[in-house]
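Working through the structure, step by step
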Amino acid sequence: MMTKEEMIREIQKLKKEKDAVILVHNYQLPEIQDIADILGDSLDLSRKAATIENNMIVFCGVQFMAESAKLLSPDKTVLIPRADAGCAMADMVDKEGLLKFKADHPNAKVVAYVNTTAETKSITDVCCTSANAVKIIQNIQAEEIIFVPDKNLGSYVAKFTDKKVHLWPGFCYVHDQYTIEDVKNVREKYPEANFIVHPESPAEVVELADSVESTSGMIRFAKETDAKELIIGTEIGMLYRLQKEVPDKKFYPLKEDAICKSMKLTRLEDVYLSLKEERYPVVIDINIANRAKHALEKMLELS
Ligand code: 13P
Ligand code: SF4
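Report on the accompanying structure.

The rules we used
Residues numbered from 1 in each chain as written. Chains lettered and ligands numbered in written order. Predicted model: local features only at pLDDT ≥ 70, side-chain atom pairs only at ≥ 80, totals over all residues. Heavy atoms only, no water. Near = heavy atom within 4 Å. Nonpolar A, V, L, I, M, F, W, Y, C, P; charged D, E, K, R; others polar. Helix = DSSP H or I, 4+ residues; strand = E, 2+ residues; numbered from the N terminus. Buried < 20%, exposed > 50% of the residue type's maximum accessible area, 1.4 Å probe, protein only. Contact = heavy atoms within 4.5 Å. Pairing = 2+ DSSP bridges. Axes fitted to C-alpha atoms, helices over the stretch in contact; angles between N-to-C directions. Parallel < 35°, antiparallel > 145°, perpendicular 65-115°, else oblique. Left-handed = near helix turned anticlockwise from the far one by under 90°. Polar contact = N/O pair within 3.5 Å; in protein donor to acceptor, adjacent residues only side chain to side chain. Areas by Shrake-Rupley, 256 points an atom, 1.4 Å probe, with all protein chains shown as cover.

**Notes on the site of ligand 2**
Lining the immediate environment of ligand 2, one finds Tyr27, Val62, Cys87, Ala88, Met89, Asn115, Cys172, Tyr173, Val174, Glu200 and Cys260. Looking at the shell around ligand 2, its residues break down into 9 nonpolar, 1 polar and 1 charged.

See below:
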């Protein structure tokens, strides 16, 4: 059995040998965040994936993120160390259902959160992330929009436009569990703290926040605010990065058990084996890939 230090050394060695880069989402376990070449939110990681020069990308996150990297960099080998790391929200929309929804609203353009499968993206006009959703809704040339799959992010962005927005009833089980009571309780405990929340949270919770941010937006906000304490309304993996990068401030989770199970699957050993055995390569059907890529590129163009 290798020690943690040996495994990290092996990972660095394999990375050099194979000309690989490790992209890591902000919710990953501390041991994975610590070996990241790039750590970020979905938008940071997509932008990076689109311009990467290395031969290989090891994507520590969930399937839709690794798929997006492959769509934007089709000539590279993109590996996901845990093939079973899905996103429950991405699975809430399927092709047949979306085609039917489109038929019900024939004048609407489809904006899909990146938290969707490549197949969903292939019947989408433009993608968005939590960091650029408002901009995309405002910039898209359409008076009517279908927004999939997150009803919470969709209703949040709808407030920033006069366009008609049709919502799909999807949600993230990690964020959708937050209640007004949770906010009241933590605010009572830390009355001086600012409260920042991810827009996947329910509208009544978002309304109580001092700021609504993507996961990387939370880092920027925490650095810039005068507040010395912050309540964090998102997956608890975020707390590690915040504490590391903004050590002079205190961070409290809105809820201790806001945990994305899929984000916690990837361990150092998985990354090591992924690099060593080149597993698990992301493969996307060519007929789906071309159209899905277009929706992602449109997002990068509009944001
Ligand atoms: P970010 O793009 O803000 O990192 O969010 C991704 C996600 O899956 C949140 O649950
Ligand atoms: Fe999907 Fe929610 Fe996990 Fe983000 S936190 S990857 S939206 S299940």
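**Quick notes on the environment of Ala85**
Inspection of the secondary structure puts Ala85 in the loop between strand E4 (77–79) and helix H5 (95–104). Taking relative accessible area as the criterion, Ala85 reaches 0% and is therefore assigned buried. Not counting residues up to four positions away in its chain, the partners in contact with Ala85 are Gly61, Val62, Gln63, Ile80, Ser262 and Leu265.

**Here we look at the sheet that holds strand E6 (residues 126–128)**
The parallel open sheet is built from 4 strands, whose spatial order is E6-E5-E7-E8. If you trace the sheet from one side to the other, it starts and ends with E6 and strand E8 (164–167), each paired once. The average angle at which neighbouring strand axes cross in this sheet is 30°, direction not considered. Bridge count between strand E7 (residues 144–148) and E8: 4 bridges; the pairing is parallel. Bridging from a neighbouring strand, Ile146 pairs with His166 of E8. Docked against the sheet, H5 engages strand E5 (109–113), E7 and E8, running at close to 165° with respect to E7.

**Some points on the packing of helix H3 (residues 42–51) against helix H4 (residues 63–72)**
At their nearest, the axes of H3 and H4 sit 8 Å apart, and the two run at 30° to each other. Between H3 and H4, the interaxial angle falls into the category roughly parallel. For the element pair H3 and H4, the recorded crossing hand is right-handed. Across from Ser42, Ser46, Ala49 and Ala50 in H3, the residues of H4 making contact are Phe64, Met65, Ser68, Ala69 and Leu72.

**Considerations on unusual backbone geometry**
Put simply, Val148 and Pro149 share a cis peptide bond, and its omega is -15°. Looking at the secondary structure, you find Pro149 in the loop between E7 and helix H8 (151–158). Between Arg279 and Tyr280 the backbone carries a cis peptide bond, its omega angle lying at -5°. Among the structural elements, Tyr280 can be located in the loop between helix H13 (268–277) and helix H14 (286–302). A positive phi angle is found at Asp19, which is not glycine, with a value near 55°. Positive phi values are uncommon outside glycine, yet Glu278 reaches one of about 50°. Tracing the backbone through its elements, the reader meets Glu278 in the loop between H13 and H14. On the basis of relative accessibility, which here comes to 36%, the residue Glu278 falls in the partly exposed class.

**Some details on the environment of Leu268**
Along the chain, Leu268 turns up in helix H13. Given the relative accessible area of 5%, Leu268 is considered buried. Along the chain, Leu268 and Ile8 lie 260 residues apart, while their C-alpha atoms are 7.6 Å from each other. In this view, Leu268 contacts Lys4, Met7, Ile8, Ile11, Glu31, Ile32 and Ile35; residues no more than four positions away in its chain are not counted.

**Overview of the site of ligand 1**
Near ligand 1 the following residues occur: His25, Tyr27, Asp41, Ser42, Asn115, Ser130, His175, His198, Glu200, Ser214 and Thr215. One nitrogen or oxygen atom from the side chain of Asn115 is found 3.2 Å from an oxygen atom belonging to ligand 1. A distance of 2.7 Å separates an oxygen atom of ligand 1 from a polar atom in the side chain of Ser130. Burial of ligand 1 by the protein amounts to 95% of the accessible area it has alone, namely 300 Å². Across the shell around ligand 1, the residue classes break down as 1 nonpolar, 8 polar and 2 charged.

**Looking at the sheet that holds strand E2 (residues 38–40)**
Read across the sheet, 4 strands follow the order E2-E1-E3-E4 without closing on themselves; strand pairing throughout is parallel. The open sheet terminates on both sides in strands that have one partner only, identified here as E2 and E4. Each neighbouring strand pair of the sheet contributes to a mean axis angle of 20°, computed without reference to strand direction. Here strand E1 (residues 20–25) runs beside E2; their pairing, made up of 3 bridges, is parallel. Across the sheet, residue Val24 finds its bridge partner in E2, namely Leu39.

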